[in-house]
Amino acid sequence: MEQDYNPHVIENKWQSRWNESRVFEPEPDNREKFFITIPYPYLNGNLHAGHTRTFTIGDVVARHRRMLGYNVLYPMGFHVTGTPIVGLAELIANRDPQTMDVYSRLHKIPEEILPSLDTPEKIVDYFSVEAEIAMRSIGYSIDWRRKFTTTDPTYKKFIEWQFNLLHDKGLIVKGSHPVKWCPNDNNPVEDHDILHGEDATIVDFTFIKFEYDGLILPCATLRPETIFGVTNLWVNPEIEHVKIKVKQDGKEEFWVVSKEAYNKLTYTDREVEFIESVPSESIIGIKVKNPLTGKEVITLPASFVKAGNGSGIVMSVPAHAPYDYLAVKDLYDRDLSEYGINENVRDIDLISLIEVKDFGEFPAVDAVEQLGVKDQKDPKAEEATKLVYRREFHGGVLKENTGEYAGIAVSKIKDVLTRDLLEKGIGEIFYEFSEPVVCRCGTPCVVNMVKGQWFLNYSNPEWKDKVYRCIENMEIIPEEIRVEFNNKVDWLKDKACARKKGLGTKLPFDTDWLIESLGDSTIYMSYYITNKFFSNGILPVQLKPSLFDYVLLGKGTVQETAKDTGLDEPLIANMKADFDYWYPVDLRSSGKDLVPNHLLFFLFHHVAIFDEDKWPRAMAVNGFVSLEGQKMSKSKGPILTMKEAVDTYGADVSRMYILSSAEQTQDADWKNTGVESAKKQMERFYKLAKEIIDSGAKSGIEGELQLIDRWMLSRLQQFVRDTNNDMTSIRTRGALQNSFFLLYNDVKWYQRRGGSAVLYDVLDTWIRLMAPFTPHVCEEIWSAMGHSGRDFVSMAPYPIFSPEHVDNDAELAEELICNTLSDIEEIIKVTKLTPKKAVLYTSPAWKTEAFKLALKMRKDDELNPGKLIKTLMADPENRRYGKEIPKYVQKLVPDITSMKTERFEMLLDFNLDEQNILRENSGCLSNEIGCPIEVYTADSPEYDPENKSRFAAPLRPAIYLE
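Residues numbered from 1 in each chain as written. Predicted model: local features only at pLDDT ≥ 70, side-chain atom pairs only at ≥ 80, totals over all residues. Heavy atoms only, no water.

1. Points about the overall build of the chain
Looking only at helices and strands, the chain features 32 helices and 31 strands. Sorting the 962 residues of the chain into buried and exposed places 57% on the buried side. The contacts in the chain between residues at least 6 apart in sequence include a share of 76% that link residues at least 24 apart. Only carbon and sulfur atoms are counted for the fraction: they give 47% of the accessible area of the chain, which is about 40700 Å². Counting 116 positive and 148 negative side-chain charges, the chain places the centres of these two groups 1 Å from one another. (Helix = DSSP H or I, 4+ residues; strand = E, 2+ residues; numbered from the N terminus. Buried < 20%, exposed > 50% of the residue type's maximum accessible area, 1.4 Å probe, protein only. Contact = heavy atoms within 4.5 Å. Areas by Shrake-Rupley, 256 points an atom, 1.4 Å probe, with all protein chains shown as cover. Lys, Arg positive; Asp, Glu negative; His and termini not counted. Charge placed at Lys NZ, Arg CZ, Asp CG, Glu CD.)

Below, the structure written as structure tokens:
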């Protein structure tokens, strides 16, 4: 071992040895297999700290299972289809300033190379090399023989086979459907294509058609029932309006909308024709007819109306919408004569249409007054809006003035009323985003009603039922995510699966279209198994559907497949044997951002294509990673690349820090101060291991063991058990807490107490315990301990809980010493004494008897204060403590009752000679506090000037400092 911890020297050394030995390239054998996959990265930038977390979790699970004796396959590929890489190439080709800055400064692409990455192919070539270098540098135990990119010719054959299969099953259909759409790329966009608005959903608004002089002024709303409470419309005089001709289903109308709304309407299934521009002033101050009630309402000026929201004209319901109420109030007593309005807005009567608990006639007014909202710009206006909406939706009922809808709950009215409005021709459905969406190319996206588009028929109830069954039978980590998966399946609608632009595979049954990027990344886990063979010279033309049918689905025979493909029968049989051995996926581990898209599609496609025995067995989900509190972005920054983290801190430190910073779905925040602290802890660990090895320590576990040795071995077993339990649930933070931080503290205490006999044994177990998390430094220490040759710690048996080494008495004895020392130090700190002598008083016999009896009663489920007191007082010896026993029992019973099971079981056979233990260790205590120690039993203290012995209790000696 090097004198000092040098991560890069150690890591390069062991990565080279792993590569040379091909130790992570598994082949089928007679062991139980474990096939783990994580989402392959999208190559429009270098891997960052978010990848580091997800990929390292996968690697730790793979390494842990491998050391438990499983035959583990952990493969990797690269995702490059879709439009983001095309968009990036265009930005680089155009020398976009922000792109050039981010990719040179944050992605660390050399300035002489970056301008040359001006085609998608060059970007794929560059980042696929960089991604593999980064993953190798952090020590992932990946089988690199199986790597591919999603534009490989052989992969395209695999995707063609998959989509033909889905089409034949009737699960891909053609039709019209609202999709997120980039007007610049003329393509649908998915989550990976979006620069802003990744969480936006497509929401179905209802257009209400207000009428004026042969024109329609449509207003978009999510609450069509509020049409009964409309007092006015809002028109922004500063935005541009247009008159358009709208044709749909043979019906022709003339609408007035904002110019932005006209643009959006051109992407719907309506025929839209521009007629002329309309001065905004001409539609302010007019009286329009409410199409449902027949009443006329005025249009009023409002600067808050945004041209891009809905139609650019908004209906106002001030009785139930705080913003509308505040806006109407702002116009009270205003001179609006410039718009031809001579009425005082104060005279507008509010119309109440919903009855709701906790509010009076006008909920918006009540909410504004309750929260003290000053005006429209007050942030509390949004809070008031949410409050009213929430209470009305969950408890509101429509009033008599809504006619036939009176008495219907607000939560149930939308679909009913929207249907009626559509049937009467006074309402239409209009699709809009829940928030603005911007494509990676920089263009604002629209909702496009695509005709002749190909869709995956995810709304198919039979298909969904299979997915529900799959979710029910799989393990999901953490368990609470199961509900979210079921909710997402329930919500999922048909999804566009093809586009016109980008990288990818052509739709085999309609080659004018390309398969979109999430559609082609659903069952690629199976391709890892076959690609080991494909990458050895098999030509794309030989990858006939019959090959995939036979190898993946078991259809046909090896002879028929060989004849059709021209491949040798033994090769085909070998492929099938490999597939049958490795599949299904035992664990799919991923970030939580993929729950509503990729992970759902992963399940849908597996249940559609494979028999149930090949469905995924488990999924694990982890949280995001931010950088110093800021959300990371490949295209905008900030970003910490995986390579930069490894170059700066080393692979093991980066791994340990990211894994210990958050648990499961919690979000992690990469902080430089935190990783610097982790580096110092790793240095201390290395130094301690080196000291143990340099001391010439040998195994002492078979020798004569002292109490402190038995304590150390017992504590070690608790950490082994807890680490394995945490790893089973993929709680990496808890696993590292046990296997590293807490264990380190106990080893240092063991040394401080003079223990040394089992240091080598502890280190041997400790290194194996830590190997999945920090494999390089563990290989280095393992080798220095005398494990040479091909005997990698990465392949050594993982420590398993050994109950024979658990010694409750030794742990309780050491706990007694530790707690006593801690209590003495606390008294010294509070009193500021410099003690000349410390006197300890162990528990009197009657308290010890009460303690043991309470434990036994809990075990027999009979513990209560009255019974315990009665049993104790039945002993004549205890009657002299008649006043003290009830007081002690009243405190003891709740302590025993609330005790955790593990602690209770540890104490159940409690039988310590506390006085003897403290006397044997008085030298240690004396050295720690710097004065002599005397130990007495509280039953007969020889020296007790302040009667402190009366406070003594089991495992808690009373203390007197002199």
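2. Details of the packing of helix 6 (residues 153–168) against helix 14 (residues 524–534)
Here helix 6 crosses helix 14 at 135°, and the two axes come no closer than 11 Å. It follows that helix 6 is oblique to helix 14 by the angle criterion. The hand of the helix 6/helix 14 crossing is right-handed. Contact with helix 6, carried on its side by T154, Y155 and F158, involves Y524, S526, Y527, N531 and F534 of helix 14 and no other residues of that element. Tallied by class, the residues present in the contact of helix 6 with helix 14 amount to five nonpolar, three polar and no charged. (Axes fitted to C-alpha atoms, helices over the stretch in contact; angles between N-to-C directions. Parallel < 35°, antiparallel > 145°, perpendicular 65-115°, else oblique. Left-handed = near helix turned anticlockwise from the far one by under 90°. Nonpolar A, V, L, I, M, F, W, Y, C, P; charged D, E, K, R; others polar.)

3. Examining a negative patch on the surface
Residues E2, D4, E676 and E683 make up a contiguous surface patch of negative charge. Along the chain, E676 turns up in helix 21 (residues 672–694). (Patch = residues over 30% accessible without salt bridge, like charges linked within 9 Å, V, L, I, M, F, W, Y side chains within 5 Å. Salt bridge = Lys/Arg side-chain N within 4 Å of Asp/Glu carboxyl O.)

4. Let's talk about a nonpolar patch on the surface
There is a patch of nonpolar side chains on the surface, built from L68, I800 and F801 and spanning about 240 Å² of accessible area. Relative to the helices and strands, I800 is located in the loop between helix 25 (775–784) and helix 26 (808–831).

5. Examining the packing of aromatic side chains
Per the stated rule, a full pass over the model turns up 50 aromatic pairs. Ring geometry for Y649 versus W670: centroids 6.4 Å apart, planes at 50°, classification tilted. Taken together, the residues Y649 in helix 19 (residues 642–649) and W670 in strand 28 (residues 668–670) connect sequence positions 21 residues apart. Judged by relative accessible area, Y649 falls into the buried class, the value being 7%. On the basis of relative accessibility, which here comes to 1%, the residue W670 falls in the buried class. Joined through ring pairs, the aromatic side chains of Y40, F148, Y155, F158, W161, Y524, Y527, Y528, F534 and F548 make up one cluster. Against the face of W513 rests K500, its NZ or CZ located 4.2 Å from the ring centre. The ring of F801 has R721 lying over it, and the distance from NZ or CZ to the ring centre is 5.5 Å. (Phe/Tyr/Trp six-rings, centres within 6.5 Å; stacked < 30°, edge-to-face > 60°. Lys NZ or Arg CZ within 6 Å of the ring centre and 35° of its normal.)

6. Looking at the pattern of salt bridges
All chains considered together, the criterion is met by 60 salt bridges. Two residues, R136 and E132, come together in a salt bridge whose shortest N-O distance is 2.9 Å. Here R136 pairs with E132, and both are found in helix 5 (residues 120–137), just four residues apart, close to one helical turn. The class for R136 is partly exposed, based on a relative accessible area of 30%. One continuous salt-bridge network, built from bridges that share partners, spans R22, E25, E27, D143, R145, R146, K532 and D578.

7. Some words on the sheet that holds strand 28
Taken in spatial order, the three strands of this open sheet run 27-26-28, and their pairing is mixed. Looking along the sheet, the strands with just one partner apiece sit at the ends: strand 27 (630–631) and strand 28. Pairing between strand 26 (residues 625–627) and strand 28: three bridges, direction parallel. Paired with L627 across the bridge in strand 28 is W670. (Pairing = 2+ DSSP bridges.)

8. Structural notes on the sheet that holds strand 2 (residues 71–73)
Taken in spatial order, the five strands of this open sheet run 2-1-24-25-20, and their pairing is parallel. For this open sheet the edge positions go to strand 2 and strand 20 (475–477), each flanked by a neighbour on one side alone. Direction aside, neighbouring strands of the sheet carry axes that sit 15° apart on average. Pairing analysis gives two bridges linking strand 1 (residues 33–37) to strand 24 (residues 587–591), with the strands arranged parallel. Of the residues in strand 24, the one forming a bridge with T37 is R588. Running at roughly 110° to strand 20, helix 13 (residues 481–491) makes contact with strand 20 and strand 25 (618–622) of the sheet.

9. Regarding helix 13
Within helix 13 the residues assigned to the buried category are I481, R482, F485 and V489. Down the axis of helix 13, the sector holding all buried residues measures 110°, keeping them to one side. In this structure, helix 13 carries V483 and D490 as exposed residues pointing more than 90 degrees from its buried face. In this structure, the buried residues of helix 13 make contact with helix 12 (461–473), strand 20, helix 18 (598–609) and strand 25. (Arc of directions from axis to C-beta.)

10. Observations concerning the side chain of S21
With respect to the secondary-structure elements, S21 resides in helix 1 (residues 7–21). Here the side chain of S21 touches R17 through a polar contact of 3.0 Å, landing on its backbone oxygen. (Polar contact = N/O pair within 3.5 Å; in protein donor to acceptor, adjacent residues only side chain to side chain.)

11. Thoughts on the nonpolar core
Among the nonpolar cores identified, the biggest contains 235 residues, and M135, F485 and W670 are the most heavily contacted of them. Each residue touching F485, except ones within four places of it in the same chain, is listed here: I471, I476, V595, L599, L600, M619 and V621. Grouped together as the second largest cluster of nonpolar side chains are 42 residues, W234, L336, L398 and Y405 included. (Core = buried A, V, L, I, M, F, W, Y, C linked by side-chain atoms within 4.5 Å.)

12. Digging into the pairing of strand 25
Of all five residues in strand 25, five are buried; the element is thus mostly enclosed. Of the two faces of strand 25, the one carrying A618, A620 and N622 and the one carrying M619 and V621 are both buried. Here strand 20 pairs with strand 25 via three bridges, running parallel. Residue pairing across strands places E475 opposite A618, the latter belonging to strand 25. Of the pairings in the sheet, the one linking strand 24 to strand 25 comprises four bridges and is parallel in character. Looking at strand 25, one finds that S590 is bridged to V621.

13. A word on the state of the cysteines
The final tally for this structure, using the stated rule, is zero disulfides. This cysteine, C924, is not joined by any disulfide, and C818 carries the nearest cysteine sulfur, 8.5 Å off. (Disulfide = S-S within 2.5 Å.)

14. Comments concerning the environment of F604
The residue F604 is located in helix 18 in this model. The buried category is assigned to F604, whose relative accessible area is 0%. With sequence-adjacent residues up to four places away left out, F604 is seen in contact with Y458, W463, K464, V467, V489 and L492.

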